[in-house]
Amino acid sequence: MKRKFAKVGKLRLSPNEETMLLKEEYERRRKLRLQQVREQQKYIALQIRQKVKQRREERLHQLEEALRAEWQKAQDEKMKALEKLYLSSLRAIGEGHRQAKEHEPDLEALAKQAE
């Protein structure tokens, strides 16, 4: 009886079963590799999207700074032009009074001429 039991414990797989198990193992590993590759692709795609987003934000920030500097420069130029206009207007007010005094008719001379 011991002999029969000993022989039964050492069962071998048939060639078809062995081929089927090897094929199943191959397919399992293949699926695992595909999953790993997909995960890597997802991670790489995420990194690329983040870099593109960061680069776009940096460009927008640079454009914002450039436009702000250009606007500030235009505002400064407008301010200087308005200051010049204001100062010339102030000078013109005084000049107008001076010219009015210079061209004021001499009433005494006119009165003498009339006599």
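Residues numbered from 1 in each chain as written. Predicted model: local features only at pLDDT ≥ 70, side-chain atom pairs only at ≥ 80, totals over all residues. Heavy atoms only, no water.

Per an unreviewed UniProt entry, the protein is named Centrosomal protein KIAA1731, and its organism is Opisthocomus hoazin.

Colleague: Any chance you could explain the overall build of the protein here in plain terms?
Modeller: For the protein, the count of helices and strands is three helices and zero strands. When the helices and strands of the protein are placed in sequence order, the string is α-α-α. On C-alpha atoms alone, the protein measures out to a radius of gyration of 50 Å, which is more than a quarter above the 13 Å that the 2.2 N^0.38 rule sets for 115 residues. Taking the principal axes of its C-alpha atoms as reference, the protein extends roughly 170 × 25 × 10 Å. Counting over 115 residues, the protein shows a buried share of 0%. Computed over 29 positive and 20 negative side-chain charges, the inter-centroid distance for the protein is 29 Å. (Helix = DSSP H or I, 4+ residues; strand = E, 2+ residues; numbered from the N terminus. Rg over C-alpha atoms; globule rule 2.2 N^0.38 Å. Buried < 20%, exposed > 50% of the residue type's maximum accessible area, 1.4 Å probe, protein only. Lys, Arg positive; Asp, Glu negative; His and termini not counted. Charge placed at Lys NZ, Arg CZ, Asp CG, Glu CD.)

Colleague: Would you take a moment to explain the pattern of salt bridges for this structure?
Modeller: Between side chains of opposite charge, a pair can form as their charged atoms come close. Scanning the model with the defined rule gives four salt bridges in all. Of the charged contacts, one joins Glu 25 and Arg 28 as a salt bridge, the two residues approaching to 2.6 Å between their closest N and O atoms. With Glu 25 and Arg 28 both in helix α2 (residues 15-102) and three residues apart, the pair spans about one turn of that helix. By relative accessible area, Arg 28 is classed as partly exposed at 45%. (Salt bridge = Lys/Arg side-chain N within 4 Å of Asp/Glu carboxyl O.)

Colleague: Looking at this structure, how should I read a nonpolar patch on the surface?
Modeller: Side chains of Tyr 43, Ile 44, Ile 48 and Val 52 sit close together on the surface and give an oily, nonpolar patch of about 380 Å² of accessible area. Considering the arrangement of structural elements, one finds Val 52 in helix α2. Overall, the relative accessible area of 38% leaves Val 52 in the partly exposed class. (Patch = residues over 30% accessible without salt bridge, like charges linked within 9 Å, V, L, I, M, F, W, Y side chains within 5 Å. Areas by Shrake-Rupley, 256 points an atom, 1.4 Å probe, with all protein chains shown as cover.)

Colleague: Got a minute to help me understand the confidence of the model for the protein in this structure?
Modeller: It should be kept in mind that the predicted coordinates are not to be read in detail where pLDDT is low. Per-residue confidence for the protein gives a mean pLDDT of 87; residues scoring 70 or more make up 90%. At the low end of the mean pLDDT range in the protein sits helix α1 (residues 2-9), at 54; at the high end sits α2, at 93. (pLDDT = per-residue confidence, 0-100.)

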